[in-house]
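Observations on the three-dimensional arrangement
Here are the chains, one letter per residue:
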Amino acid sequence: MTTQIDIDFLPAEGAVVRLIGLVERRGYELDSVNYAPASTTHRLTMTVRPRPGPRRIETLKAQIARMYGVTSVSERMDSPRLEAAS
């Protein structure tokens, strides 16, 4: 199952690399990344999938929220996709 995480953060050099690195080091694989710069805060939207093992998305969100410059973290669970019968 994949989860979409929206992260709003203050612009700083290397911020995107630090955020992506944290997610990968915590045992998640990135399916997609979307970066949207704005005037005061930037938004990074990532679709992540946990690697095998005990991983909780709440723990990942709390770790992201503690990073310097992060102003908000939210998630959206993707519903499992059903294959159409041929």
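The following paragraphs examine the structure supplied in this document. (Residues numbered from 1 in each chain as written. Predicted model: local features only at pLDDT ≥ 70, side-chain atom pairs only at ≥ 80, totals over all residues. Heavy atoms only, no water.)

1. Re the pattern of salt bridges
To keep things clear, this is the line we draw: By definition here, a salt bridge exists when the distance from a side-chain nitrogen of Lys or Arg to a carboxyl oxygen of Asp or Glu is within 4 Å. Segments assigned H or I by DSSP are reported as helices when at least four residues long, segments assigned E as strands when at least two residues long, and all are numbered from the N terminus. The buried label goes to any residue with under 20% of its type's maximum accessible area, the exposed label to any with over 50%, and the partly exposed label to all in between, with areas taken from a 1.4 Å probe on protein chains only.
For the structure on display, the rule yields seven salt bridges. In this structure, Asp8 and Arg43 form a salt bridge, with 2.7 Å as the shortest nitrogen-oxygen distance. Separated by 35 residues along the polypeptide, Asp8 in strand 1 (residues 3-9) and Arg43 in strand 3 (residues 42-50) bring together distant segments of the chain. Asp8 gets classed as buried once you look at its relative accessible area, which sits at 15%. Measuring nitrogen to oxygen at the nearest pair gives 3.3 Å for the salt bridge that ties Arg49 to Glu29. Remark: Glu29 occurs in strand 2 (residues 28-36) and Arg49 occurs in strand 3; sequence separation between them is 20 residues. Under the relative-accessibility criterion, Arg49 is labelled partly exposed at 32%. Residue classification places Glu29 among the partly exposed residues on the basis of a relative accessible area of 32%. The structure contains a network of salt bridges with shared partners spanning Glu29, Asp31, Arg49 and Arg51.

2. Considering the sheet that holds strand 1
Here is the rule: The criterion for strand pairing is that DSSP finds at least two bridges linking the strands in question. Axis definition: a line fitted to C-alpha atoms, limited for helices to the stretch in contact. Angles are taken between N-to-C directions and run from 0 to 180 degrees. Contacts were defined at the residue level, with two residues in contact if any of their heavy atoms lie within 4.5 Å.
Read across the open sheet, the four strands follow the order 2-3-1-4; overall the sheet is antiparallel. Of all the strands in the sheet, just strand 2 and strand 4 (70-77) have a single pairing partner and so form its edges. When strand polarity is set aside, the average angle formed by the axes of neighbouring strands in this sheet is 20 degrees. As paired strands, strand 1 and strand 4 are joined by seven bridges and run antiparallel to one another. Within strand 4, the position partnered with Ile7 by the bridge is Val73. Here helix 1 (residues 15-25) sits on the sheet in contact with strand 1, strand 2, strand 3 and strand 4, set at roughly 160 degrees to strand 2. Docked against the sheet, helix 2 (residues 57-65) engages strand 1, strand 2, strand 3 and strand 4, running at close to 160 degrees with respect to strand 4.

3. Quick word on helix 2
What sets the pattern is the α-helix's 3.6 residues per turn: residues three or four places apart point alike. Note the cut-off: As used here, the arc belongs to the directions running from the helix axis to the C-beta atoms.
Along helix 2, the residues that are buried comprise Ile57, Leu60, Gln63 and Ile64. What you see down the axis of helix 2 is that its buried residues fit within an arc of 120 degrees, all on one side. In this structure, the buried residues of helix 2 make contact with strand 1, helix 1, strand 2, strand 3 and strand 4.

4. Thoughts on the nonpolar core
Generally speaking, a soluble globular protein has its nonpolar side chains buried in company with each other. Heads up, the rule is: The term nonpolar core refers to a set of buried residues drawn from Ala, Val, Leu, Ile, Met, Phe, Trp, Tyr and Cys, joined through side-chain atoms within 4.5 Å.
Formed by 17 residues in total, the largest nonpolar core has its most connected members in Ile7, Leu19 and Ile64. The set of elements that each furnish at least two residues to this core consists of strand 1, helix 1, strand 3 and helix 2. Per-element accounting of this core gives the leading share, five residues, to helix 1. Among residues more than four places away in sequence, those in contact with Leu19 are Ile7, Phe9, Leu44, Ile64, Met67 and Val70.

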